[in-house]
Amino acid sequence: QVQLVESGGGLVQAGGSLRLSCAASGSICSVDAILWYRQAPGKPRELVAEITSGGGSNYLDSVKGRFTISRDNAKNTVYLQMNSLKPEDTAVYYCRALAVTGLTSWGQGTQVTVSS
């Protein structure tokens, strides 16, 4: 099993930046991909970005060019750098690990609030 802990959320003005971290522990070697989701009040959870074990990445269209997902293998941490933040980016952000076995783990979430 993989345990995930997110950090880095907070309150920022529109146009500002935040960097979220997702620190993994446990069966790291089984992780095939790490994904960032977000959920705004009253809305379904949506996939924001993902990075695979091979280094490939994908992004939600609305964040392309503003968000960057990266990883530090030495620290077992995946980052989500968020620039040019907009009020519509306000949500709880979660990271998720997908293992090669098909098992999945979620973090507890971190709140991002962007003021206009």
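For the structure itself, look to the data block above.
Summarised in this report is the structure supplied together with it. Everything numeric here is computed off the predicted structure, so don't read it as measured data.

**Description of the overall build of the chain**
- A tally of regular secondary structure across the chain gives zero helices and 11 strands.
- Taken from N to C terminus, the helices and strands of the chain fall in the order β-β-β-β-β-β-β-β-β-β-β.
- In summary, the chain has a C-alpha radius of gyration of 13 Å against a globular reference of 13 Å for 116 residues, a match within 12%.
- Looking at the chain as a whole, 40% of its 116 residues are labelled buried.
- Once local pairs closer than 6 in sequence are excluded, the contacts in the chain between residues at least 24 apart make up 52%.

**Regarding the sheet that holds strand E1 (residues 2–7)**
- Spatial ordering of the open sheet is given by E1-E3-E8-E7, a layout of four strands whose pairing is antiparallel. Since the sheet does not close on itself, it has two edges, and those belong to E1 and strand E7 (67–72), each with one partner. Averaged over all neighbouring strand pairs, the angle between strand axes comes to 20°, with direction disregarded.

**Overview of the side chain of Ser30**
- Positionally, Ser30 belongs in the loop between strand E3 (18–26) and strand E4 (31–39).
- Residue classification places Ser30 among the buried residues on the basis of a relative accessible area of 16%.
- Here Ser27 takes part through its backbone oxygen, which lies 2.6 Å from a polar atom of the side chain of Ser30.

**Brief notes about the nonpolar core**
- With 27 residues, the main nonpolar core has Leu4, Ile34, Trp36, Phe67, Leu80, Met82 and Tyr93 as its most contacted residues.
- Counting only elements with at least two residues in this core, the list comes to E1, E3, E4, strand E5 (46–52), E7, strand E8 (77–82), strand E9 (91–99) and strand E11 (110–115).

**A word on the pairing of E5**
- Where E4 lies against E5, six bridges are found, and the strand directions are antiparallel. Each residue of the ladder has a partner; that of Leu35, found in E5, is Glu50.
- The hairpin turn running from E4 into E5, its antiparallel successor, is six residues long, and Gly42 in that turn takes a positive phi close to 75°.
- Where E5 folds back on strand E6 (residues 57–59), the antiparallel hairpin that results is connected by four residues, among which Gly55 adopts a positive phi of roughly 95°.

**Here we look at the pattern of salt bridges**
- Throughout the structure, instances matching the rule amount to four salt bridges.
- Ionic pairing is found between Asp89 and Arg66, a salt bridge with its closest N-O pair at 2.7 Å. Separated by 23 residues along the polypeptide, Asp89 in the loop between E8 and E9 and Arg66 in the loop between E6 and E7 bring together distant segments of the chain. The pair formed by Asp89 and Arg66 is uniform in burial state, with each residue classed as buried.
- Connected through shared salt-bridge partners, Arg38, Glu46, Arg66 and Asp89 make up one network.

**Considerations on the state of the cysteines**
- Taken as a whole and judged by the stated rule, the model has one disulfide.
- Between the sulfur atoms of Cys22 and its disulfide mate Cys95 the distance is 2.1 Å. Measuring the twist about the S-S bond at about 70°, one finds the Cys22-Cys95 disulfide to be right-handed. Taken together, the residues span a long stretch of sequence, with Cys22 in strand E3 and Cys95 in strand E9 at a distance of 73 residues.
- Overall, Cys95 belongs to the buried group, its relative accessible area being 0%.

Analysis parameters
Residues numbered from 1 in each chain as written. Predicted model: local features only at pLDDT ≥ 70, side-chain atom pairs only at ≥ 80, totals over all residues. Heavy atoms only, no water. Helix = DSSP H or I, 4+ residues; strand = E, 2+ residues; numbered from the N terminus. Rg over C-alpha atoms; globule rule 2.2 N^0.38 Å. Buried < 20%, exposed > 50% of the residue type's maximum accessible area, 1.4 Å probe, protein only. Contact = heavy atoms within 4.5 Å. Pairing = 2+ DSSP bridges. Axes fitted to C-alpha atoms, helices over the stretch in contact; angles between N-to-C directions. Polar contact = N/O pair within 3.5 Å; in protein donor to acceptor, adjacent residues only side chain to side chain. Core = buried A, V, L, I, M, F, W, Y, C linked by side-chain atoms within 4.5 Å. Salt bridge = Lys/Arg side-chain N within 4 Å of Asp/Glu carboxyl O. Disulfide = S-S within 2.5 Å.

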